[in-house]
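# Coordinate inspection notes
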Amino acid sequence: MDSLIIRGGNRLEGVLTASGAKNAALPILAATLLTAGACSLRSVPVLRDITTMLTLLSSLGAKIARRQDGEVLIESDSVQVFTAPYDLVKTMRASILVLGPLLARHGQARVSFPGGCAIGSRPVDLHIRALEAMGAVITVDGGYIVASAPEGLKGVDFTFDTVTVGGTENAVMAASLAAGTSVLRNVAREPEIVDLVRFLRAMGAHIEGEGTDTLTLQGVTTLNGAPYEVMPDRIEVGTYLVAAAATGGSLRVEGICCEVLGVVLDKLGQTGADLDEGDNWISLDMRGERPKAVDIVTEPFPGFPTDMQAQFTALNTVAQGTSRVTETVFENRLMQAHEMKRMGADIAIEGDSACITGRPSLQGAPVMASDLRASASLVIAGLVASGETRIDRIYHIDRGYENIEGKLQCLGADIRRIST
Ligand code: UD1
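Residues numbered from 1 in each chain as written. Predicted model: local features only at pLDDT ≥ 70, side-chain atom pairs only at ≥ 80, totals over all residues. Heavy atoms only, no water.

### Brief notes about the overall build of the chain
For clarity, the cut-off: Think of it this way: any DSSP run of H or I at least four residues long counts as a helix, any run of E at least two long counts as a strand, and we number them from the N terminus. When we talk radius of gyration, it's over C-alpha atoms, and the globule rule is simply 2.2 Å times the number of residues to the 0.38. When accessible area is computed with a 1.4 Å probe and restricted to protein chains, residues below 20% of their type maximum are described as buried, those above 50% as exposed, and intermediate ones as partly exposed. Only heavy atoms enter the contact rule, under which two residues are in contact if any of them lie within 4.5 Å. Note that accessible areas follow from Shrake-Rupley with a 1.4 Å probe, and for residues the cover is restricted to the protein chains shown. The charge count includes Lys and Arg as positive and Asp and Glu as negative, but it does not include His or the ends of the chains. Taken as the charge location is NZ of Lys, CZ of Arg, CG of Asp or CD of Glu.
Tallying secondary structure elements over the chain gives 14 helices and 26 strands in all. In terms of C-alpha radius of gyration, the chain reaches 21 Å, essentially the compact-globule figure of 22 Å for 420 residues. If you line up the chain on its principal axes, its C-alpha atoms span 65 × 45 × 45 Å. Taken over 420 residues, the chain has a buried fraction of 56%. Looking at the chain alone, contacts between residues at least 24 apart form 73% of all its contacts between residues at least 6 apart. Here the chain displays about 15,600 Å² of accessible surface, and carbon together with sulfur accounts for 48% of that area. Separation of charge centres in the chain, based on 37 positive and 49 negative side chains, amounts to 4 Å.

### Let's talk about the side chain of Arg 373
For the record, the criterion: For this analysis, a salt bridge means a side-chain nitrogen from Lys or Arg found within 4 Å of a carboxyl oxygen belonging to Asp or Glu.
In this fold, Arg 373 is placed in helix H12 (residues 372-384). Buried and unpaired, Arg 373 has Asp 307 as its nearest opposite-charge partner, separated by 4.2 Å.

### Overview of the site of the ligand
Test applied: One heavy atom suffices: a residue is near a molecule or strand as soon as one of its heavy atoms comes within 4 Å of it. Here a polar contact means two N or O atoms within 3.5 Å. Within protein one must be a hydrogen donor candidate and the other an acceptor candidate, and residues neighboring in sequence count only if both atoms are side-chain atoms. Think of it as three bins: nonpolar holds Ala, Val, Leu, Ile, Met, Phe, Trp, Tyr, Cys and Pro, charged holds Asp, Glu, Lys and Arg, and polar takes everything else, Gly as well.
As a structural note, the neighbourhood of the ligand is formed by 18 residues, with Asp 125, Leu 126, Thr 164, Asp 307 and Val 329 the closest of them. Side-chain polar atom of Thr 164 to an oxygen atom of the ligand: 2.7 Å apart, as the coordinates give it. Taking 750 Å² as the accessible area of the ligand by itself, protein coverage stands at 82%. Counting residues per element, the shell around the ligand draws most heavily on helix H5 (residues 125-133), at three residues. Residues belonging to the shell around the ligand are distributed by class as follows: eight nonpolar, six polar and four charged.

### Some thoughts on helix H10 (residues 309-317)
In terms of burial, H10 is largely enclosed, as nine of its nine residues are buried. By the burial criterion, the buried members of H10 are Gln 309, Ala 310, Gln 311, Phe 312, Thr 313, Ala 314, Leu 315, Asn 316 and Thr 317.

### Some details on the packing of helix H1 (residues 22-31) against helix H7 (residues 191-202)
What counts is decided by this rule: All axes are obtained by fitting lines to C-alpha atoms, using only the stretch in contact for helices, and the reported angles, taken between N-to-C directions, cover 0 to 180 degrees. Here the word oblique covers every angle except those under 35 degrees (roughly parallel), over 145 (roughly antiparallel) and from 65 to 115 (roughly perpendicular). Each crossing is labelled by how the near helix is turned from the far one, with a counterclockwise turn of less than a right angle marking it left-handed and a clockwise turn marking it right-handed.
Contact geometry for H1 and H7: axes closest at 9 Å, N-to-C directions at 30°. Here H1 is positioned roughly parallel relative to H7, judged by the angle of their axes. With respect to the hand of their crossing, H1 and H7 are arranged in right-handed fashion. Here Asn 23, Ala 24, Pro 27, Ile 28 and Ala 31 of H1 come into contact with H7, specifically with Glu 192, Asp 195, Leu 196, Phe 199 and Leu 200. In terms of residue class, the contact of H1 with H7 is built from seven nonpolar, one polar and two charged.

As structure tokens, then:
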């Protein structure tokens, strides 16, 4: 099992290029099941979750070629298996995203029920309810969601009770092939949803309203294959910007525009960082200073993303002042705080909030990664700690960060991977 060894204290300085977004690439890969045509996808990041999705698509019968430069060619004309097995779904919950496409194009799907995970119970009831509203018959049998729609799906006017990213993605993919008009209300507005809709439109889908809380679709009978470039990863970029700010450093990231980072950039500005931006780049400079503490409340987009909460918690542990970080999207997503306390952080957990008093520094310690973004926050904590930090169970981080140690080494960090 791999671990990361970090000797903290170096300021991060330099230039990075954004990778393609994991959370956009996953639904876009699932959407290739909606067509028999060939799709060529560029900027697909090299990550464990992407490999899992490609393994799943291939197990269904899709033909896949993955090129060195991040391009993936997929043809789903010969898909004849409609089951997403437990072994794959248990390693990646986003496997549920094949449910809508399989059902819409083939009238049947069997997807292992994703269980709870480290950050909470994470139900999929709203995915199921939206598909049932389109006419699907869904039961649970032997741990599997078994769905059928022998006569095809029909258009629907459906309102989500809670804003859900994955639920919106499953529903919009299914509705693009459902007969008639669909109106999906209270949908997620995340940039990754916008990216999925743009890909579906390139495939011939008729969809309006992406980026708002209502999507309107006119179903079509078939979709075509299409080329598409996946958007840059705003969470990856945000993570490196926070790491640079926490270390008092300076960083320029190429290949991303500031709009997709939204409120994350506002919060970085509040830490005292100088921010600058161009058409396709963002830069941050802390001028060697210690960041100021910032309060955070997570919310669906355009609010502050839950996927950036742990990284800001790490920054706040070494910031000037006190802060409160409140998690409202997931029920159990402050676990990184317990590991950070082992590094000397002053954090008190009060319900869904972490109250943090910034210290001038942390001390390196052996710590354990518990989920993807918690792992990233421990890397940031290791970068600002004195001495050595060893992070175990970093398979979590490989799910979502392409070559993290290589990118941080280029910025001057003392970080290496060891296999034990
Ligand atoms: C996606 C992202 C994840 C991010 C999250 C919130 C991917 C692959 N993952 O996860 O990185 O942290 O959005 O931005 O894109 N819920 C229900 N019923 C449902 C579905 C969701 O109650 O049927 C609840 C969840 O428990 C959670 C909230 O809705 O409390 C938001 O979850 P959701 O937006 O669905 O997250 P994911 O799509 O799983």
